[in-house]
Amino acid sequence: MSYSLNSSSAEDPRVEALKRQHQQRQSRFFLTFAVVEGLAIAAAIVVVYVLDVLDPEYGIWVLLAIAAIGATVMSAGIMSMTRRHAQEMRDITGR
């Protein structure tokens, strides 16, 4: 059996279940990431621009650092999930 992301509905039920599980994992990851990243950026904005703890000239670098770290975490998470899904799919389909 060959595997394709857009194949017919007559696929192995294990493949369909794995696809649903992968989509659920991705959804949880994206939701969690968005909440954590949003809170981190909001907290940094409050610290820099509302409480004036840091000079805004340096605060922008804090915000950029948070965004860069977030982008790295998201990329690593997506790559990890993709590799895991591909391995699980190979385990099920034998390819």
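A brief report on the enclosed structure follows.

Considerations on unusual backbone geometry
Peptide bonds are mostly trans, and most non-glycine residues show a negative phi. Phi is positive for Asp-52, which is not a glycine, with a value near 55°. By the element assignment, Asp-52 lies in the loop between α1 (13-50) and α2 (56-93).

Remarks on the packing of aromatic side chains
Centre distance and the angle of the planes are the two values used to describe a pair of aromatic rings. Taken as a whole, this structure holds two aromatic pairs when the rule is applied. Through pairs of rings, three or more aromatic residues link up here, namely Phe-29, Phe-30 and Phe-33.

Some words on α1
If you check α1, its first and last C-alpha atoms are 54 Å apart, about what 38 residues at 1.5 Å a residue would give, namely 56 Å. Where α1 is concerned, the buried positions are Val-15, Leu-18, Lys-19, His-22, Arg-25, Phe-33, Glu-37, Ala-44 and Val-48. Buried residues in α1 make contact with α2. Asp-52 lies just past α1 and shows a positive phi near 55°.

So, the packing of α1 against α2
The interhelical angle for the contact between α1 and α2, taken along N-to-C directions, is 170°, at an axis separation of 10 Å. Classed by the angle they form, the pair α1 and α2 counts as roughly antiparallel.

Topic: the side chain of Glu-37
Position of Glu-37 among the secondary structure elements: in helix α1. Buried charge without a salt bridge: Glu-37, with Arg-28 as the nearest opposite-charge side chain at an N-O distance of 18 Å. In contact with Glu-37, not counting residues within four places along its chain, are Ile-66, Ala-67 and Gly-70.

About the cut-offs
Residues numbered from 1 in each chain as written. Predicted model: local features only at pLDDT ≥ 70, side-chain atom pairs only at ≥ 80, totals over all residues. Heavy atoms only, no water. Helix = DSSP H or I, 4+ residues; strand = E, 2+ residues; numbered from the N terminus. Phe/Tyr/Trp six-rings, centres within 6.5 Å; stacked < 30°, edge-to-face > 60°. Expected span 1.5 Å × (residues − 1). Buried < 20%, exposed > 50% of the residue type's maximum accessible area, 1.4 Å probe, protein only. Contact = heavy atoms within 4.5 Å. Axes fitted to C-alpha atoms, helices over the stretch in contact; angles between N-to-C directions. Parallel < 35°, antiparallel > 145°, perpendicular 65-115°, else oblique. Lys, Arg positive; Asp, Glu negative; His and termini not counted. Salt bridge = Lys/Arg side-chain N within 4 Å of Asp/Glu carboxyl O.

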